[in-house]
Each structure stands twice: as C-alpha cells, then as structure tokens.
Amino acid sequence: MNVSLWYNTRMMTTLTIGTSDPIEVHDPSATVPSRLKDLDNIVGGLSKPSKMPGWSISIPAQRCATGARLRKVEGSVCKGCYALKGCYVFPVVKAALENRYQCLKDPRWTAAMIAILTKRTVEVFRWHDSGDLQSVSHLRNIALVAEATPHVRHWIPTREYRLVDQYVSQYGDIPENLILRASAHMIGKPAPSRFAHSSMVLAKGETSTDLAQVCPAPDQNNECGTCRACWDKDISAIAYRYH
C-alpha cells in the first residue's frame, strides 16, 4: 500500500495523542536480512536532521506521553514543540514517522538497528529528533542496540523520567556508550538533579547560564559543527537557546 494512503486510512483512526501500544523486548540476535534496504524496511528507515552530524531516528511527537500533557502547559518546552510544525506536519513525513513507530513492534527491530549501525559509518547517533521513549521495553531495546554497537556514541533526550527510573530499577545501569539526558519540562528551569545528565531550554532572549554548557549551534549556522557536547558524558548539563 502507498505510504500516504496507509497514513490516511490508519493513522487518523488509531493515533491518539499521548498513547502508545505495547512494545516487547526483542532478541538482539534475531535473524535479519543483510541488505541495508531490507534492514531499513524493518525499522522504517533512519532520519538525518540537517543540524546533526550524523543519523537519527524519529517517531511522531503525537506519541509522546509526558509531552502530550506539557503541550497544554504555558511556559513548558513542549508548548511550542518544533516536531508539531514545519516539515514535520507534511503528510509524507507524518506517514514515515508513524511507520517508524509501528516498526518498533517488529521482533526484528533491535537486531536490524544493530545491523544498520554496524554497516553504516556511524560515530554518533541521536535517538528521537522527534518523539520520546514509549515504555521500559522500548528503552531496553535501545540499550541492547547500544550494547551491541560499542563503536557508536548514542544520545537520548527524554522527558519520560518515570520510565528511566523503572528501567534502572529493573535492568541496572545504562550502557556506557549511551548517554541519557533528562530534558527539563519548563523553559528556563533545569531538569531534576537526580539525573547525572540533562538538558534545558533558556528563557527567551537569554544566551548564557551558570547551570549548563550552552549549545553553540545558533552561532554556527544552526549546526552542531564539530561540537559533540550532547554525547559527552563529562558534560552534565546542556542548555539550548529558545527558538
């Protein structure tokens, strides 16, 4: 079925903001195809945001649980979510994002992601330039990908604090090459201090803070350039300028 047609017939009837379907923990050694094209079909393909120095993967921002509630709160970072406007609202993009979400339920997803990141030239990888963690099992599958790709530095920004706490309680530490940054809920406010790594958004007009290292992207064509601070475990907090 044509992707756009699939989007119109399925997504409009099943996508409820702030909800998610069950995702099971996968076997990372599951048999998967060898061709990148076939692997991409299993995971729904990767994304490559223009700002980023490498690949990413995204799912619909409408699938965010905490984000769905924060979008109704004045002063929250999610109130003007960038992933709910611009190119993200084009039908073909929305269809691709929802397809990637549905792919999370494929039992071959974890093994396919491992194969893709092994075959591609990937040094740093960002999880979710759109969307967020869906469940503890979702985070577990991502952790399994990280464990199997030690040559890649992984970064996840997330507002799903409860899922992270549950993961650590159930599985223990996050893999060494996976940096999980708790994203602050409110503009101008830091994330909870219990997280070793975090990020925040500065109040409109502010360009500096004593609470975090400020992202240099606005001063370099809105690109990471050579900066890899978000992936650096030695940097506890990152601050992004309001935009």
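Going by the structure above, here's the rest.
Now for a look at the structure at hand.

## Quick notes on the pairing of strand β5 (residues 198-201)
Of the two faces of β5, both are covered, the one formed by Ser198 and Met200 as well as the one formed by Ser199 and Val201. Here 2 bridges tie strand β4 (residues 178-183) to β5, and the two strands are oriented parallel to one another. Counterpart to Ser183 in the pairing with β5 is Ser199. Relative to strand β7 (residues 237-240), β5 runs parallel, the two sharing 4 bridges. Each bridged residue has a counterpart across the sheet, and for Val201 the counterpart in β7 is Tyr240.

## What to know about helix α5 (residues 109-119)
Most of α5 is tucked away: 9 of the 11 residues are buried. Those residues of α5 lying buried are Trp109, Thr110, Ala111, Ala112, Met113, Ile114, Ala115, Ile116 and Leu117. At its buried positions, α5 is contacted by α2 (36-43), β1 (56-57), α4 (91-103), β2 (124-127), α6 (136-148) and β3 (153-158).

## A look at α4
Under the 1.5 Å per step criterion, the end-to-end length of α4 is 18 Å for 13 residues, consistent within 8% with the ideal 18 Å. Every buried residue belonging to α4 is among Ala95, Leu97, Glu98, Arg100, Tyr101, Gln102 and Cys103, and all of these are buried.

## Some details on empty space enclosed by the protein
Tallying each qualifying case throughout the model produces 2 cavities of 30 Å³ or more. For the largest cavity, the calculated volume is near 90 Å³. Counted by class, the lining of the largest cavity contains 12 nonpolar, 1 polar and 2 charged residues.

## Section: the layout of surface pockets
The calculated volume of the second largest pocket comes to roughly 240 Å³. What lines the second largest pocket is a set of 13 residues, among which Val168, Ile174, Leu180, Ala196 and His197 lie closest to the centre. At the level of elements, α7 (161-171) and β4 are the ones that each hand at least two residues to the lining of the second largest pocket. A per-class count over the lining of the second largest pocket returns 8 nonpolar, 1 polar and 4 charged.

## A closer look at the side chain of Ser199
Looking at the secondary structure, you find Ser199 in strand β5. For Ser199, the side chain forms a polar contact with the side chain of Ser183, separated by 3.5 Å. The contact partners of Ser199, leaving out residues within four places of it in the chain, are Arg181, Ala182, Ser183, Ala184, Ala191, Ile238 and Tyr240.

## Focus: the side chain of Asn177
The residue Asn177 is located in the loop between α7 and β4 in this model. One polar contact links the side chain of Asn177 to the main-chain carbonyl oxygen of Val152, over a distance of 2.9 Å. Each residue touching Asn177, except ones within four places of it in the same chain, is listed here: Ala146, Glu147, Thr149, Pro150, Val152, Arg153 and His154.

## Details of the pairing of β3
Burial runs high along β3: 5 of the 6 residues are buried. One ladder, built from 3 bridges, connects β2 with β3; its direction is parallel. Looking at β3, one finds that Phe125 is bridged to His154. In this view, the connection linking β2 to its parallel neighbour β3 by way of α6 has right-handed handedness. The pairing of β3 with β4 spans 5 bridges and is parallel. What sits directly across from Ile156, in β4, is Leu180.

## Considerations on the pattern of salt bridges
Per the stated rule, a full pass over the model turns up 8 salt bridges. Arg108 is the partner of Asp106 in a salt bridge, and the nearest nitrogen-oxygen pair spans 2.9 Å. By relative accessible area, which is 34% here, Arg108 ends up partly exposed. In this structure, Asp165 engages Arg194 in a salt bridge whose closest nitrogen and oxygen atoms are separated by 2.9 Å.

## What to know about the packing of aromatic side chains
Taken as a whole and judged by the stated rule, the model has 6 aromatic pairs. Aromatic side chains Tyr82 and Tyr88 sit 5.8 Å apart centroid to centroid with 65° between the ring planes, which places their arrangement in the edge-to-face category. Assessed through its relative accessible area of 36%, Tyr82 is described here as partly exposed. Taken together, a centroid distance of 5.0 Å and an interplanar angle of 35° make the contact between Tyr167 and Tyr171 tilted. With Tyr167 and Tyr171 both in helix α7 and 4 residues apart, this pair spans about one turn of that helix. Overall, Tyr167 belongs to the buried group, its relative accessible area being 0%. For Tyr171, a relative accessible area of 32% gives the class partly exposed. In textbook terms, an aromatic cluster arises when at least three aromatic residues are bridged by ring pairs, as seen for Trp109, Phe125 and Trp127. Here the basic side chain of Lys48 rests over the ring of Trp55, its NZ or CZ set 4.7 Å away from the ring centre. The ring of Trp55 carries Arg120 above its face, with NZ or CZ at 4.4 Å from the centroid.

The rules behind each value
Residues numbered from 1 in each chain as written. Predicted model: local features only at pLDDT ≥ 70, side-chain atom pairs only at ≥ 80, totals over all residues. Heavy atoms only, no water. Buried < 20%, exposed > 50% of the residue type's maximum accessible area, 1.4 Å probe, protein only. Helix = DSSP H or I, 4+ residues; strand = E, 2+ residues; numbered from the N terminus. Pairing = 2+ DSSP bridges. Contact = heavy atoms within 4.5 Å. Expected span 1.5 Å × (residues − 1). 1 Å grid on protein atoms, 1.4 Å probe; cavity = no way out; pocket = protein on both sides within 12 Å on 5 of 7 lines; lining within 4 Å. Points joined across faces, edges and corners; volume = space filled by probe spheres on them. Nonpolar A, V, L, I, M, F, W, Y, C, P; charged D, E, K, R; others polar. Polar contact = N/O pair within 3.5 Å; in protein donor to acceptor, adjacent residues only side chain to side chain. Right-handed = clockwise from strand over helix to strand, strands pointing away. Salt bridge = Lys/Arg side-chain N within 4 Å of Asp/Glu carboxyl O. Phe/Tyr/Trp six-rings, centres within 6.5 Å; stacked < 30°, edge-to-face > 60°. Lys NZ or Arg CZ within 6 Å of the ring centre and 35° of its normal.

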